Each structure stands twice: as structure tokens, then as C-alpha cells.
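# Working through the structure, step by step
The primary structure of each chain is shown beneath.
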Amino acid sequence: MDERFFHYLWKFRLLFPQLRLTSGEILTVLHPGDYNRDGGPDFFNARIRIGDTTWAGNIEIHGKSSDWFRHGHHLDKAYENVVLHVVVENDREVRTENNRILPTLEIKDQYPETLIRHYRGMMSGQRWIPCQLLLNDLNKQDISLWMTVLILERLEKKARFILPLFNSCGDDWEETLYRFLAYNFGFRINGLPFELLAKLLPLKFLTRQGNSLFRKEALLFGMSGLLSQNAKDDYPRALAREFQFLRDKYQLSPVSSGLWKFLRLRPSNFPTIRLSQWAAFLHQHEGNLFEMLCAEDLSAWHEKFRVKASVYWDDHFIFDKHSYPKPKLLGESSIDLIIMNALVPFLFFYSRQKSDKALADKVLLFLEQLPGEINFDIKMWENAGLSVRTALHTQALIQLKRNYCDVKRCLECRIGHKILKANWYEKSSNDKGLPVI
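Residues numbered from 1 in each chain as written. Predicted model: local features only at pLDDT ≥ 70, side-chain atom pairs only at ≥ 80, totals over all residues. Heavy atoms only, no water.

### Observations regarding a positive patch on the surface
This is how the line gets drawn: Like-charged residues within 9 Å of one another, or nonpolar side chains (Val, Leu, Ile, Met, Phe, Trp, Tyr) within 5 Å, are grouped into patches, provided each residue has over 30% relative accessible area and no salt bridge. Areas reported as accessible are Shrake-Rupley estimates using a 1.4 Å probe. Residue values count occlusion only from the protein chains shown. Throughout this description, the term salt bridge denotes a Lys or Arg side-chain nitrogen within 4 Å of a carboxyl oxygen of Asp or Glu. Positive charges come from Lys and Arg alone, negative charges from Asp and Glu alone, with His and the N- and C-terminal ends not counted. A single reference atom marks each charge: NZ on Lys, CZ on Arg, CG on Asp, CD on Glu. Secondary structure elements are taken from DSSP: a helix is a run of H or I of four residues or more, a strand is a run of E of two residues or more, and numbering for both begins at the N terminus.
Residues Lys157, Arg160, Arg188 and Arg402 make up a contiguous surface patch of positive charge. If you trace the backbone, arginine 188 turns up in the loop between α5 (173-185) and α6 (191-200).

### What to know about the confidence of the model for the chain
In low-pLDDT regions, the fine details of the predicted coordinates are not to be read closely. What counts here: The predictor attaches a confidence to each residue, called pLDDT, with possible values from 0 through 100. Contacts between residues were defined by any pair of non-hydrogen atoms, one from each residue, lying within 4.5 Å.
Residues of the chain with pLDDT of at least 70 account for 96%, and the chain-wide mean is 90. Below pLDDT 50 for its whole length, residues 425-437 participates in 12 contacts with residues either more than four positions away or in separate chains.

### Regarding α5
Rules: Expected helix span is computed as 1.5 Å times (number of residues minus one). In this scheme, a residue with accessible area under 20% of its type's maximum is buried, one over 50% is exposed, and one in between is partly exposed, where area comes from a 1.4 Å probe on protein chains only. Under the rule applied, a polar contact is a pair of N or O atoms within 3.5 Å (in protein, one hydrogen donor and one hydrogen acceptor; residues adjacent in sequence only if both atoms are side-chain atoms).
Taking 1.5 Å of rise per residue, the 13 residues of α5 would be expected to cover 18 Å, and the 18 Å separating its terminal C-alpha atoms lies within 8% of that figure. Within α5, 12 of the 13 residues are buried, which leaves it mostly tucked inside the rest of the structure. Buried within α5 are the following residues: Trp173, Glu174, Glu175, Thr176, Leu177, Tyr178, Arg179, Phe180, Leu181, Ala182, Asn184 and Phe185. Buried residues along α5 sit against α4 (140-168), α6, α7 (203-207), α10 (271-284) and α12 (332-353). The opening residue of α5, the one whose side-chain oxygen lies 3.0 Å from the backbone nitrogen of glutamate 174, is aspartate 172. Positive phi shows up at phenylalanine 187, right after α5, with a value of about 50 degrees.

### Regarding unusual backbone geometry
Within the chain, asparagine 45 stands out as a residue other than glycine whose phi angle is a positive 55 degrees. For asparagine 45, the location among the structural elements is in strand β4 (residues 43-50). Accessibility expressed as a relative area gives 56% for asparagine 45, which makes it exposed. Backbone geometry places aspartate 171, a non-glycine residue, at a positive phi of 60 degrees. Along the chain, aspartate 171 turns up in the loop between α4 and α5. Judged by its relative accessible area of 45%, aspartate 171 is partly exposed.

### A look at the environment of aspartate 314
When you line up the elements, aspartate 314 lands in the loop between α11 (298-304) and β8 (316-318). When neighbours within four sequence positions are excluded, aspartate 314 is seen to be in contact with Lys308, Tyr324, Pro325, Lys326, Pro327 and Lys328. Looking at aspartate 314, its side chain comes within polar contact range of the side chain of lysine 308, at 3.4 Å.

### Thoughts on the packing of α4 against helix α13 (residues 357-369)
Operational definition: In this analysis, axes come from line fits to C-alpha atoms, helices being fitted only over the stretch in contact, and the angle between any two N-to-C directions falls in the range 0 to 180 degrees. Each angle receives one of four descriptions, namely roughly parallel if under 35 degrees, roughly antiparallel if over 145, roughly perpendicular if within 65 to 115, and oblique otherwise. In this scheme, a crossing is called left-handed if the near helix is turned counterclockwise away from the far one by less than a right angle; it is called right-handed if the turn is clockwise.
Viewed as axis vectors pointing N to C, α4 and α13 meet at an angle of 110 degrees, and their least axial separation amounts to 12 Å. It follows from the interaxial angle that α4 and α13 lie roughly perpendicular. Relative to α13, α4 is oriented so that their crossing is right-handed. Every residue of α13 that contacts α4 at Ile151, Leu152 and Leu155 is listed here: Val363, Leu364 and Leu367.

Below, the structure written as C-alpha cells:
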């Protein structure tokens, strides 16, 4: 059995209350301790009472008591402060370095059998999420509180992603935002080539082109590797000539054109269209990208992203191939995704760097005001009975699915805990004469 399950039993005090050590002494758990995810004993700073004596120290949990020796704890000074050995099966006496018998609690009969069966069922099930059939039975308030924790986890995770980028940019906020926005302008499918493009083409080179949108497009399309010297249309031929001059001037090396993905994308999402919209965006906000973080409401952010590709793209999706005429505006749903996946996390990262709680609260407010994205996972959550309305909900549920459900961290999930704990209360009250809570 996975030791994480027994860590869970100990952490949340789900063992039957009348506990006796293998020596026959009565054990009272005053505090289970702090769960340790790193090396060393499983729980630090626990407080227990054995008979009339109170002990403070660490707790180690094993499947068998002989694991103490198999894991080499008898040779490790980190385990000298262990005051209690919790085991499923006591198959060997354990003594400390000074020859004291280590107090041992055997727990194989100290929890309801139904609880472990329920846990095994969740772990072995093939449903979309382990608790899919049980969500409707849960208190919606509990789920809402868990959502708040999950969204903060997700924002912290994204902040950790931005930090090395910030460091690699020499703590330059403008350049960091430029590169992070570029990655998100690729909308996941083309995020990598957009990110690489921004890395190879620093913002300062674009800023030096002054009021010329054409030269900015020449740099971006040229560096993308998508320009051809053999183009037929005047526009891409002019871009290629201009890029050749700028490339020699700045000693630039383009991205490989093979990195860009067109397959199974709607034409309006082709990287050619996105690159022209990106050029228009940068041209519109030249030199003041970072000022975007000062927006007081979402409407200000939306306005800044209302850009369109240049006129050539009104009747093109790729170079040299005409299409039906239609201006290529960056759509509202695309703007929402950029705000949700780029500006909101970046503002949260900035709030953390500046220790600005008010700014962090503003981030959560923006997420509550943004509409939630629609994808397969979100539809499945709705089918499971959860109400999904805002970006805060969808981002929290993405965090839940990817970081808990998919890797079956049910014991660390508040929903999984509620389900298992409810099962414990019912079984405990029936088997041990305890009141139903």
C-alpha cells in the first residue's frame, strides 16, 4: 500500500481515537506535526502523550517496522529525534542509538476498511477524474474555498516560470513583459517559436525603428524565417529587402521556419496573421509596454489589444496566396486569453516581487471579471456538476485537473479529503460508537 495513504491518516487524525502502542501504553496525539515533503522524518514538531509523559519530536511512518533498517534510518542522525514510529505492521523491534526501544504504533486495524477500499477505488478507477461520480454530493461552499487556493497555486506556478525569464533579462521589466507576451501571442500552438523569436530579437531593436510599422514587420517576419527571397507579391518582396539590410546591420540570425505550425489551425490563427498583429501591437505601444500594468480595469487592457494585421493581410492568410477579403482583427476571445494567460500572471508576479498585496487582490478581481475559457476539460467539469462561469473558475479547475486529478493526488486535494473523511465519520460512528459528525 502507498505510504502516502498512511501519511494522510496520520496528518488528518483519521485513525480510531483509542490508540495503544505495541507496548500496551495508551497514546494520545496532541498534534500530528508538520508534514515534511523533503528528506528526513515524515512529520516534524509533533506532540504526543504516552501514558502520563508528553513528548515533542518527529514522527516516522512505514509499512513495516523493519523498513527503519531497510531505509538506513538507524545510521542517519536526522532520525535521532523521532519520538514515535507509526507502522502498518510491526515485524521487528526498533531501538534508538542509546538502546532505547522506539515507541511503536501499529495501525493495521486502526481505521475503517471501507476507507481504504474507497481510496483504492479512486486510485484504480478509469474515470475522467477519480471522484467524478461523487462531486454532486459535496458542499458547493467547500468547493468554492478550494477554488481560491487552487487559483493562487496556479498563479504562483506561473510566477515561478516568469522569475528565471526576469533574471535572464537582467531584471528588465519591459523586456521580460515583451518576451512573456510574445510567448502567449503564440496561443500555445506557436508559443515556442514566438518565444524564441522574442529572445533572438530584443525589444530594443524594434524600438529603434521609430514610427515605421513596415520596418518592424520586416524584422519580425524576417526573423521568423517565413520570408522568401522568391516571393511574387510586392509586399513580401519589399519586406525581404528591408530585412536583409536590418539583418546585416544588427547581425541577426532568424528562427527556423520549420518551428511554425499551420496544420489544423484556423486561417485567422495562422502565425503570419499573428505576427502582423503582434507588430501592430508593439508599434501601438512602443516604449511603454510596462505601463499596461497600471490599467485600472479590464476595459483598458482590452482596448490596448484591439489591433489588426496590416492591409496586405486583408485578403491573404499566407504570402502570395489571395483569399476572401476580411480585415484580420485580434478577436475578443483571443484578447481574453492573452489577458488571462499573460497580463494577469505577470501582474501577479510583479505584485509578489514588490510585496504588494493590494495588487495581488486586483489580479483575483480581474480573473473574476474575465469570462471563463471553453475547452474539453471545462465542459467535463460542468458535466460533473460544477458551475463554471469566470476565468477564476476555469484557471482553478485547470490547476485541479493537471496537478491533482491527473496524477491522483486525491489525498492532498480538499475534495478528495472531504469524500474520504465523510466515509471515515460514517464508518467510525457505526463501528466504534462515535457520534456522527
